[in-house]
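Take a look at the letters that make up each chain.
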Amino acid sequence: IAGALVCAACDVPISGYYVERGSQLYGAGRYSEATTAYRKAIKVLPENGPARVGLGNALWKLGQREECLQVHDEAMVVAPDYAPAYTGKAFYLVQMNRRDEAITVLEKLAERQPNARLLAHIGLLFLDVQRHADAVRALREAVSMDPRVATEMPRVRAGLEEAEASLRREEHQGQRE
C-alpha cells in the first residue's frame, strides 16, 4: 500500500506536465496534438479535472461537439468541485443554442458553489429562454447575495427590469383571459 501511495503522488506532477503541454499546444492552435497530451494526463491521473476540460476544449475546436460535452460530463463526475467543468459545458451548450440544458448544468454548479455572479448568469439565461419568473427569482437572489453584481454586471439590472416587466405583462394577460 505504501508503494501505491508513493506512486500515486508521483502521478500528480506527471499529469500536470501533460496538462501544461496540452495547454501550450492548444494555445498554438495544435488542437489534435493537444488532445493527445490531455489524454495522457487523464491516463496518468483519471480525476484530473483540468485535463478533462482541456481535452473538451480541444475537441470543440476540432468540431467534435458531442464528445466535447461528454468529456465535460466526465470531468463533473471525477472532479465535482471543479467549476470550469460546469461553466465550460454550459458555454458550449449556449453556443449550440441549447440554453435550457446550460441552465441545468449551471444550477448543478450553483448547488455546490453558490455565488452571486453565477446566479446572475443563470438568471440572464432564464431571461433568454423567456422563463421570466425564474429569471426574476435568480436575478433577485444574485443581487441579494451581492449587491455589487447589479453595478458590475450592467445587464443584470436591465435584465431584472425586463423580466419583471414581462412577468407583469404575462400576469395581466392571464387575468384578461
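Please refer to the structure placed before this passage.
For clarity, every value in this text was computed on a predicted model and none was experimentally measured.

Caption draft 1: Inspection of the overall build of the chain at higher detail. Broken down by element type, the chain carries 10 helices and zero strands. On C-alpha atoms alone, the chain measures out to a radius of gyration of 20 Å, which is more than a quarter above the 16 Å that the 2.2 N^0.38 rule sets for 177 residues. Across its three principal axes, the chain shows a C-alpha extent of roughly 70 × 35 × 30 Å. Buried positions account for 39% of the 177 residues belonging to the chain. Counting every atom, the chain has about 9900 Å² of accessible surface; 53% of that belongs to carbon and sulfur. A gap of 4 Å separates the mean positions of the 23 positive and 24 negative side-chain charges of the chain.

Caption draft 2: View of the layout of surface pockets. In this structure, the largest pocket spans a volume of roughly 220 Å³. As for the largest pocket, its lining consists of 14 residues, of which Ala90, Val94, Leu106, His121 and Leu125 are closest to the centre. Residue assignment for the lining of the largest pocket shows that the elements contributing at least two residues are helix 5 (83-95), helix 6 (99-112) and helix 7 (116-128). In terms of residue count, the dominant contributor to the lining of the largest pocket is helix 7 (six residues). The residue inventory of the lining of the largest pocket, partitioned by class, reads eight nonpolar, three polar and three charged.

Caption draft 3: Region of the structure containing the nonpolar core. Core analysis: the largest hydrophobic core is formed by 49 residues, its most contacted members being Ala120, Ile122 and Val156. If one sorts the elements of this core by residue count, helix 7 sits on top with nine residues. The residues touching Ala120, leaving out its near neighbours within four places in the chain, are Leu139, Ala142, Val149, Met153 and Val156.

Caption draft 4: Spatial organisation of the pattern of salt bridges. A full pass over the atoms with the stated rule returns 15 salt bridges. One salt bridge in this structure joins Arg30 and Glu33, with 2.6 Å as the shortest N-O distance. In this structure, Arg137 and Asp134 form a salt bridge, with 3.8 Å as the shortest nitrogen-oxygen distance. Here Arg137 and its partner Asp134 are both found in helix 8 (residues 132-145), three residues apart, which amounts to about one turn of the helix.

Caption draft 5: Broad picture of the packing of aromatic side chains. In the structure shown here, the tally under the stated rule is four aromatic pairs. A centroid spacing of 5.1 Å and a plane angle of 65° characterise the contact between Tyr26 and Tyr31, whose relative ring orientation is edge-to-face. Summarising the aromatic geometry, the rings of Trp60 and Tyr92 are spaced 4.3 Å apart at their centres and angled 25° between planes, so their arrangement reads as stacked. A residue pair is termed long-range when its members are at least 10 positions apart, and Trp60 in helix 3 (residues 49-61) and Tyr92 in helix 5 qualify at 32 residues. Of the two residues, Trp60 and Tyr92, both sit in the buried class. Among the aromatic residues, those joined into a cluster by ring pairs are Trp60, Phe91 and Tyr92. Directly above the aromatic system of Trp60 lies the positively charged group of Arg65, at a separation of 3.9 Å from the ring centroid.

Caption draft 6: Structural view of the environment of Arg155. Following the sequence through the fold, Arg155 ends up in helix 10 (residues 154-176). The exposure class of Arg155 is partly exposed, given its relative accessible area of 43%. As for Arg155 and Leu124, which are separated by 31 residues in sequence, their C-alpha atoms are 8.1 Å apart. In this structure, Arg155 is in contact with Leu124, Leu127 and Asp128, ignoring residues within four places of it in sequence.

Caption draft 7: Examining the environment of Trp60 more closely. For Trp60, a relative accessible area of 13% translates into the label buried. Expressed as a C-alpha distance, the spacing of Trp60 and Tyr92, which sit 32 residues apart in the sequence, is 8.2 Å. Apart from residues no more than four positions distant in its own chain, Trp60 is found in contact with Arg65, Cys68, Tyr92, Gln95 and Met96.

Reading guide: rules and limits
Here the residue numbers are simple positions, counted from 1 along each chain's written sequence. Only residues with pLDDT of 70 or above have their local features reported here, since the model is predicted, and side-chain atom pairs are shown and tallied only from 80 upward, although totals for entire chains, interfaces and linings are computed over all residues. Each side-chain value is worked out from all heavy atoms of the structure, with water and hydrogens disregarded. Going along the chain from the N terminus, every DSSP run of H or I of four or more residues is numbered as a helix, and every run of E of two or more is numbered as a strand. C-alpha atoms define the radius of gyration in this analysis, and the globule rule sets the expected value at 2.2 Å times the number of residues to the power 0.38. Partly exposed residues are those whose accessible area sits between 20% and 50% of the maximum for their type, while under 20% is buried and over 50% is exposed, using a 1.4 Å probe and protein chains only. Surface exposure here means Shrake-Rupley accessible area, sampled with a 1.4 Å probe, where a residue is shielded only by the protein chains that are shown. Neither His nor the chain termini are counted; the positive set is Lys and Arg, and the negative set is Asp and Glu. Positions of charges follow a simple convention, taking NZ of Lys, CZ of Arg, CG of Asp or CD of Glu. Put simply, the grid is 1 Å and covers the protein atoms alone, a cavity is a trapped set of points that fit a 1.4 Å probe, a pocket is an open set with protein on both sides within 12 Å along at least five of seven lines, and lining residues have an atom within 4 Å of a point. Grid points are joined across faces, edges and corners, and a volume is the space filled by probe spheres set on the points. Gly is put with the polar residues, along with every residue not named as nonpolar or charged; the nonpolar set is Ala, Val, Leu, Ile, Met, Phe, Trp, Tyr, Cys and Pro, and the charged set is Asp, Glu, Lys and Arg. Within this scheme, the nonpolar core is defined by two criteria: the residues are buried Ala, Val, Leu, Ile, Met, Phe, Trp, Tyr or Cys, and they are joined through side-chain atoms within 4.5 Å. Residues count as neighbours in contact if any of their non-hydrogen atoms are within 4.5 Å of one another. Only one rule defines a salt bridge in this text: a Lys or Arg side-chain nitrogen within 4 Å of an Asp or Glu carboxyl oxygen. Pairing of aromatic side chains here covers Phe, Tyr and the six-membered ring of Trp, requires ring centres within 6.5 Å, and sorts the geometry by plane angle: under 30 degrees stacked, over 60 edge-to-face, intermediate tilted. Only Lys NZ and Arg CZ are tested; either one counts as a charge over a ring when it is within 6 Å of the ring centre and within 35 degrees of the ring normal.

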